[in-house]
Amino acid sequence: MDYPLLNAFWTMCLIFLWVLWLILLFRIIGDIFRSHDLNNWAKTGWLVLVIVLPFLGVFIYVIARGHGMSEREVTQAERQQKQLRAYLQDTAATGDAAGGHADALAKLADLKNHGDITEEEFQKAKAKILA
């Protein structure tokens, strides 16, 4: 077992660079599919270049289209944020309606407990609220 510390350091550096390159490769593949300004043939060409000549293809893509990668990513993030906001607003509106029913039922129960309405009136109002 003769593996000096310097060799271990270089091995760690190479593993780090390999993982970094893999992350960049997958981000580029995602960017190719996300890009709306490329037609299908151009996307296919970029994918073939990136897969067949991995190192060279990644460097060429970053040089040729790297400036737009961040713009496309920001656009995608903004679109997802708008969808999330719309979903939360719809969910909150639905929750308010359910909360309104709960408040109305609580008020009815208070009226019945204080003797202001009868059991029959309470059941009719309750059925109307829940319908």
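Structure: see above.
**Student:** I would appreciate a short explanation of the environment of Trp46 in the present structure.
**Tutor:** Along the chain, Trp46 turns up in helix H2 (residues 40–52). Between the C-alpha atom of Trp46 and that of Glu71, which follows or precedes it by 25 residues, the distance is 19 Å. Setting aside residues no more than four positions away along its own chain, Trp46 makes contact with Ile32, Leu38, Ile60, Tyr61, Ala64 and Arg65.

**Student:** Would you take a moment to explain the nonpolar core for this structure?
**Tutor:** Generally speaking, soluble globular proteins have nonpolar side chains that are buried together. Trp21, Leu25, Ile28, Ile29, Ile32, Leu38, Trp46, Leu47, Val50, Val58, Tyr61 and Met69 form the largest nonpolar core, which has 12 residues in total. Those elements that provide at least two residues to this core are helix H1 (5–34), H2 and helix H3 (54–113). Looking at this core element by element, the count peaks at 5 residues for H1. Not counting residues within four places of it along the chain, the set of residues in contact with Tyr61 comprises Ile28, Asp31, Ile32, Trp46, Gly66, Met69 and Arg72.

**Student:** I keep staring at a nonpolar patch on the surface and nothing clicks. Help me out?
**Tutor:** On the surface, Met12, Ile15, Trp18, Val19 and Ile23 cluster together to form a nonpolar patch covering roughly 520 Å² of accessible area. Position of Trp18 relative to the elements: it lies in helix H1.

**Student:** When you look at H1 in this model, what are you seeing that I'm missing?
**Tutor:** One turn of the α-helix equals 3.6 residues, which is why residues spaced by three or four share an orientation. If you check H1, its first and last C-alpha atoms are 43 Å apart, about what 30 residues at 1.5 Å a residue would give, namely 44 Å. Turning to H1, its buried residues number three or more, namely Trp21, Leu25, Ile28, Ile29, Asp31 and Ile32.

**Student:** Would you explain the pattern of salt bridges in this entry?
**Tutor:** One side chain can pair with another of opposite charge once the charged atoms of both are near each other. Taken as a whole and judged by the stated rule, the model has 6 salt bridges. Among the salt bridges present, the one from Glu119 reaches Lys112, with a minimum N-O distance of 3.3 Å. In this structure Glu119 comes out as partly exposed when scored by relative accessible area, which is 41%. What makes Lys112 partly exposed here is its relative accessible area of 29%. For Glu120, the salt bridge is made with Lys124, and the minimal N-O distance between the two is 3.4 Å. Taken together, the residues Glu120 and Lys124, both in helix H4 (residues 119–130) and 4 residues apart, mark about one turn of the helix. The two residues Glu120 and Lys124 agree in class, both being exposed. Members of the salt-bridge network, linked through shared partners, are Asp31, Arg34 and Arg72.

Cut-offs used in this document
Residues numbered from 1 in each chain as written. Predicted model: local features only at pLDDT ≥ 70, side-chain atom pairs only at ≥ 80, totals over all residues. Heavy atoms only, no water. Helix = DSSP H or I, 4+ residues; strand = E, 2+ residues; numbered from the N terminus. Contact = heavy atoms within 4.5 Å. Core = buried A, V, L, I, M, F, W, Y, C linked by side-chain atoms within 4.5 Å. Buried < 20%, exposed > 50% of the residue type's maximum accessible area, 1.4 Å probe, protein only. Patch = residues over 30% accessible without salt bridge, like charges linked within 9 Å, V, L, I, M, F, W, Y side chains within 5 Å. Areas by Shrake-Rupley, 256 points an atom, 1.4 Å probe, with all protein chains shown as cover. Salt bridge = Lys/Arg side-chain N within 4 Å of Asp/Glu carboxyl O. Expected span 1.5 Å × (residues − 1).

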